[in-house]
Structures are given as structure tokens and as C-alpha cells.
Amino acid sequence: MFKNILTFICASISVVGAVHAADAVGFSSGSQFQATPIEGQVHVTCEGFNGGGAATFTCRDVVLDPVSYDYFMGPRDARAVRYELRNLREDGSVRTKEDDYSGSQGRSGSAINLWISTIFQKPLLAAGKNKISYAVYASNNREPLSHGEFSINVARNASRVCPSTHYNSADVNDCSSQYSVCQRYFQQFNNCR
């Protein structure tokens, strides 16, 4: 009888382990990311109907590898329609994100901005350790269906440098628009890879 009880306990433990493995929580790209500084120089010559000019821009950015946007992966529960993430960053700051959740797929409805910072959007992650609390909710429910924590590490990588280049433009405004020129530059050189 003791042997049967022990067999039942061992079988129960392995079933619980399988459930937790199937409902692994985090981001689809994993828990290890790298923040990589990139830079390079662009010379722009502008000649068009609205005038002419020239400019040289030193472009700099810090990109997140492997991705800057990713899906939050959580428990599969068809009742779940909303998620909330609260990140306590290593520097002590807190950032939250909440949006639609596809319970049948066990993931956020859309990819989450992990790294890009603009006037209109703020990133979830920061360099260092990120301790993220999550909660998944049913429609119009204040109590979560599921909640817990996971950790993401963002390590600092060595810098990458893109080759210098030259652009000709028919719009004089390009000679005073460093942001758009640098975006084009980093896209052309695949973030200096």
C-alpha cells in the first residue's frame, strides 16, 4: 500500500510539473536580452526645388536584441481577455503595461514595446534585472484568473559601428532632420550587424 501511495504522489508531481511547463510565463523570445549601442556617420546633400544644403549627422542608438517588441506568454484560459504587467526595474523605477489578452492562445493580443522610447511610447524594460509581476483577467473581473512573477535580464553588449555613408536628397528638409535620416541609416545597415 505504501508503494501505491508513493507511486500516486510521484505521478501527481510529474503531472503538476507538466502543467507548469505548458504554461511557462514570460516573453516569447525568452528571458535574456542584450542592449547594444550602435553608431555611425551619415553625410546628406540636399538639392531640390525648395533649396539646397548639406549636413553630417552622427547617429547613435541603443538597440535591444533579439527583439524590441515581443509577445507576453501566459496561461491558456479561454476566459482571459486582459493582462497587466508591472515591472520593477533594477534602478527602482516602475513601468506598467496592460492590454488585450488572447486566453485561447495564451499570449498578449499584440506585441509589447520592450525597448523603444518616443514621445508617445515608453518601454517596459530597462538595462539590468527586470522583475515583472503579471496578472491575467476575465472580462469585467477585478480578481485575476492567474498571477505571478518572472524575471528578465537585459545585459549590456559591446558597441557596434556602421560604415559611413552618403545620401542625396531632393528635399532640403532632410538636411535638418537627423531623426529620420538616422532611422533610414540604421535600417539600411540592419542596426550595424
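Cut-offs and rules
Residues numbered from 1 in each chain as written. Predicted model: local features only at pLDDT ≥ 70, side-chain atom pairs only at ≥ 80, totals over all residues. Heavy atoms only, no water. Buried < 20%, exposed > 50% of the residue type's maximum accessible area, 1.4 Å probe, protein only. Helix = DSSP H or I, 4+ residues; strand = E, 2+ residues; numbered from the N terminus. Arc of directions from axis to C-beta. Salt bridge = Lys/Arg side-chain N within 4 Å of Asp/Glu carboxyl O. 1 Å grid on protein atoms, 1.4 Å probe; cavity = no way out; pocket = protein on both sides within 12 Å on 5 of 7 lines; lining within 4 Å. Points joined across faces, edges and corners; volume = space filled by probe spheres on them. Core = buried A, V, L, I, M, F, W, Y, C linked by side-chain atoms within 4.5 Å. Disulfide = S-S within 2.5 Å.

J.: Any chance you could explain helix H2 (residues 178-188) here in plain terms?
T.: An α-helical turn contains 3.6 residues, so any two residues separated by three or four positions project in the same direction. Looking only at H2, the buried set comprises Val181, Cys182, Tyr185 and Phe186. Down the axis of H2, the buried set is contained in an arc of 130 degrees. They therefore lie on one face. Exposed side of H2, more than 90 degrees from the buried face: Tyr179 and Gln187 are the residues found there. Note on H2: the residue one or two positions beyond its end, Asn190, has a positive phi of about 50 degrees.

J.: Explanation requested: the pattern of salt bridges in the structure shown.
T.: A pair can form between side chains of opposite charge whenever their charged atoms are brought close. Evaluated as defined, the whole model comprises five salt bridges. The partner of Glu98 in a salt bridge is Arg82, with the nearest N and O atoms 3.7 Å apart. Taken together, the residues Glu98 in strand E7 (residues 94-102) and Arg82 in strand E6 (residues 80-89) connect sequence positions 16 residues apart. By relative accessible area, which is 27% here, Arg82 ends up partly exposed. Here Lys131 and Glu149 are joined by a salt bridge, their closest N and O atoms 3.9 Å apart. Pair noted here: Lys131 is in strand E10 (residues 128-138) and Glu149 is in strand E11 (residues 146-156), with a separation of 18 residues, a long-range link. Given a relative accessible area of 53%, Glu149 falls into the exposed group. Linked by salt bridges that have partners in common, Asp65, Arg160 and Arg193 make up one network.

J.: Can you walk me through the layout of surface pockets in this structure?
T.: If a probe the size of a water molecule is rolled over the atoms, the empty space left behind becomes visible. When its volume is computed, the largest pocket comes out at roughly 670 Å³. Around the largest pocket sit 26 residues that line it, and Asp61, Val62, Val63, Ile116 and Gln183 are the ones nearest its centre. Of all elements in the fold, only strand E3 (51-65) and H2 reach the threshold of two or more residues within the lining of the largest pocket. By residue number, the principal contributor to the lining of the largest pocket is E3, which donates eight residues.

J.: I'm lost on the nonpolar core in this one. Help?
T.: As a rule of thumb, soluble globular proteins bury nonpolar side chains together. Formed by 20 residues in total, the largest nonpolar core has its most connected members in Phe27, Phe72, Leu85 and Leu125. Elements supplying a minimum of two residues to this core: strand E2 (32-48), E6, E10 and E11. By size, the runner-up hydrophobic cluster in this structure holds 17 residues, among which are Val44, Ala55, Cys162 and Val172.

J.: In this structure, what is going on with the state of the cysteines? I would like to understand it.
T.: Simply put, disulfide is the name for a covalent bond between the sulfur atoms of two cysteines. Summed over all chains, the structure comprises three disulfides. The disulfide partner of Cys162 is Cys192, and the S-S distance across this bridge is 1.9 Å. Disulfide Cys162-Cys192: the torsion about the S-S bond is -100 degrees, which places it as left-handed. Of the two residues, Cys162 is situated in the loop between strand E12 (160-161) and strand E13 (165-169) and Cys192 in the segment after H2; the sequence distance between them amounts to 30 residues. In this structure, Cys162 and Cys192 share a single accessibility class: buried.

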